[in-house]
Amino acid sequence: RKEVEQDPGPFNVPEGATVAFNCTYSNSASQSFFWYRQDCRKEPKLLMSVYSSGNEDGRFTAQLNRASQYISLLIRDSKLSDSATYLCVVNARNQFYFGTGTSLTVIP
Amino acid sequence: DGGITQSPKYLFRKEGQNVTLSCEQNLNHDAMYWYRQDPGQGLRLIYYSQIVNDFQKGDIAEGYSVSREKKESFPLTVTSAQKNPTAFYLCASSLGRDFEKLFFGSGTQLSVL
């Protein structure tokens, strides 16, 4: 079983839509959780950390459910510039585990 | 500005040749990592180092070697034993403590001639 599993998509949504990505992790000792954004042939960049209480940054909301070992990312009012691959990343004892990424294309 | 610098951006390897990818960071991070990314796949860990003069194999270390003689530097050598080296290589670093996030270099695309 993979450490981190994501739906690879692709998700093709119109501008202004709300889209949600999900991620599950297998290691119950996981300590910290992140969403990264990766553009084609570029390095991943931190989008946001994910906290147990849930957190929001503008149009982006991240949720963590430790009991279900589940992480989510919600993007509201999608922009063309949101088109990218979104990586779910989990840190367990200073080892980072990556999902394969979810591809998002926002269509005009 | 602090950050991680990878070079070169593009690298070509001839058959039987060893090539070295450079990774330098000025973030004063203890931990450094090398990942390989193939098209449509997630990042796979090649090697990591939590402290100077120490490093451990990741999931796909065969055909690769590293050194960590300085805190700032973590070069990766792709040896001739790596039969399928074409990939996007990413170097990353973190403070090495719990809950710390990962910072990435801009990557090196390695191709075989």
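For the structure itself, look to the data block above.
Just so we're clear, the structure is a prediction, and the values are computed from it rather than from any experiment.

**Side note on the overall build of chain B**
Next, step 1: From N to C terminus, chain B includes zero helices and eleven strands.
Next, step 2: Sequence-ordered secondary structure for chain B, helices as α and strands as β, is β-β-β-β-β-β-β-β-β-β-β.
Next, step 3: Taken over the C-alpha trace, chain B has a radius of gyration of 13 Å; the compact-globule value for 113 residues is 13 Å, and the two agree within 12%.
Next, step 4: A principal-axis box enclosing the C-alpha atoms of chain B has dimensions of 40 × 25 × 25 Å.
Next, step 5: Across the 113 residues of chain B, 48% fall into the buried class.
Next, step 6: Of the contacts made within chain B by residues no fewer than 6 positions apart, 52% connect residues no fewer than 24 positions apart.
Next, step 7: For chain B, the accessible area works out to roughly 5,500 Å², and carbon and sulfur atoms hold 47% of it.

**Some words on the pattern of salt bridges**
Where charged atoms of side chains with opposite charge meet at close range, the side chains can pair.
Next, step 1: Applying the stated criterion across every chain, the model contains seven salt bridges over all chains.
Next, step 2: Between Arg59(A) and Asp82(A) there is a salt bridge; the shortest N-O distance is 2.8 Å. Taken together, the positions of Arg59(A) in the loop between β6 (55-57) and β7 (60-65) and Asp82(A) in the loop between β8 (70-75) and β9 (84-92) put the pair 23 residues apart, joining distant regions of the chain.
Next, step 3: Here Asp82(A) falls in the buried class, since its relative accessible area comes to 3%.
Next, step 4: Three or more residues joined by partner-sharing salt bridges are found here, namely Arg36(B), Asp38(B) and Arg44(B).

**A closer look at the interface of chain A and chain B**
Often, the extent of an interface is quoted as the loss of accessible area on bringing the components together.
Next, step 1: With 18 residues of chain A at the interface, the matching set in chain B holds 24 residues.
Next, step 2: Carbon and sulfur atoms make up 53% of the surface buried where chain A meets chain B, a total of about 1,800 Å² over both sides.
Next, step 3: Those elements that place two or more of their residues in the side of chain A that touches chain B are β4 (32-38), β9 and β10 (95-98) of chain A.
Next, step 4: Considering each element in turn, the side of chain A that touches chain B owes the most residues, four residues, to β4(A).
Next, step 5: A class-by-class count of the residues in the side of chain A that touches chain B yields seven nonpolar, eight polar and three charged.

**Examining the pairing of strand β9 (residues 87-94) of chain B**
Residue and element names in this part refer to chain B.
Next, step 1: Counted residue by residue, β9 has eight buried out of eight residues, so it is predominantly covered.
Next, step 2: On β9, burial covers both faces: Ala87, Tyr89, Cys91 and Ser93 on one face and Phe88, Leu90, Ala92 and Ser94 on the other are all buried.
Next, step 3: Pairing geometry for strand β4 (residues 31-37) and β9, over seven bridges, is antiparallel. Note that in β9 the partner of Met32 across the bridge is Ser93.
Next, step 4: Note: β9 against strand β11 (residues 108-112), three bridges, orientation antiparallel.

**Observations concerning the sheet that holds strand β3 (residues 19-25) of chain B**
Residue and element names in this part refer to chain B.
Next, step 1: Spatial strand order, β1-β3-β8-β7: four strands in an open sheet with antiparallel pairing. Lying at the two open borders of the sheet, with one neighbouring strand each, are β1 (4-7) and β7 (64-66). Going from strand to strand, the sheet's axes swing by 20 degrees on average, the running direction of each strand aside.
Next, step 2: Of the pairings in the sheet, the one linking β1 to β3 comprises four bridges and is antiparallel in character.

**A word on the sheet that holds strand β1 (residues 4-6) of chain A**
Pairing between the strands of a sheet comes from backbone hydrogen bonds, and it takes one of two forms, parallel or antiparallel.
All names here are of chain A.
Next, step 1: Overall, antiparallel pairing links the five strands, which are arranged β1-β3-β8-β7-β6 in an open sheet. Two strands in the sheet have a free side with no partner beyond their single neighbour: β1 and β6. Along the sheet, successive strands turn relative to each other by an average axial angle of 20 degrees, direction set aside.

**Quick notes on the nonpolar core**
For soluble globular proteins, nonpolar side chains are generally found buried alongside one another.
Next, step 1: Counting residues in each nonpolar core, the largest one holds 23 residues, and the members touching the most others are Phe21(A), Trp35(A), Ile71(A), Leu73(A), Ile75(A), Tyr86(A) and Leu104(A).
Next, step 2: Of all the elements in the fold, those that place two or more residues in this core are β3 (19-25), β4, β5 (45-50), β7, β8, β9 and β11 (102-107) of chain A.
Next, step 3: Leu11(B), Val66(B), Cys91(B) and Leu110(B) belong to the second-largest nonpolar core, a separate cluster that totals 20 residues.

What counts, and where the lines are drawn
- Residues numbered from 1 in each chain as written.
- Chains lettered and ligands numbered in written order.
- Predicted model: local features only at pLDDT ≥ 70, side-chain atom pairs only at ≥ 80, totals over all residues.
- Heavy atoms only, no water.
- Helix = DSSP H or I, 4+ residues; strand = E, 2+ residues; numbered from the N terminus.
- Rg over C-alpha atoms; globule rule 2.2 N^0.38 Å.
- Buried < 20%, exposed > 50% of the residue type's maximum accessible area, 1.4 Å probe, protein only.
- Contact = heavy atoms within 4.5 Å.
- Areas by Shrake-Rupley, 256 points an atom, 1.4 Å probe, with all protein chains shown as cover.
- Salt bridge = Lys/Arg side-chain N within 4 Å of Asp/Glu carboxyl O.
- Buried area = accessible area lost by both parts, 1.4 Å probe.
- Nonpolar A, V, L, I, M, F, W, Y, C, P; charged D, E, K, R; others polar.
- Pairing = 2+ DSSP bridges.
- Axes fitted to C-alpha atoms, helices over the stretch in contact; angles between N-to-C directions.
- Core = buried A, V, L, I, M, F, W, Y, C linked by side-chain atoms within 4.5 Å.

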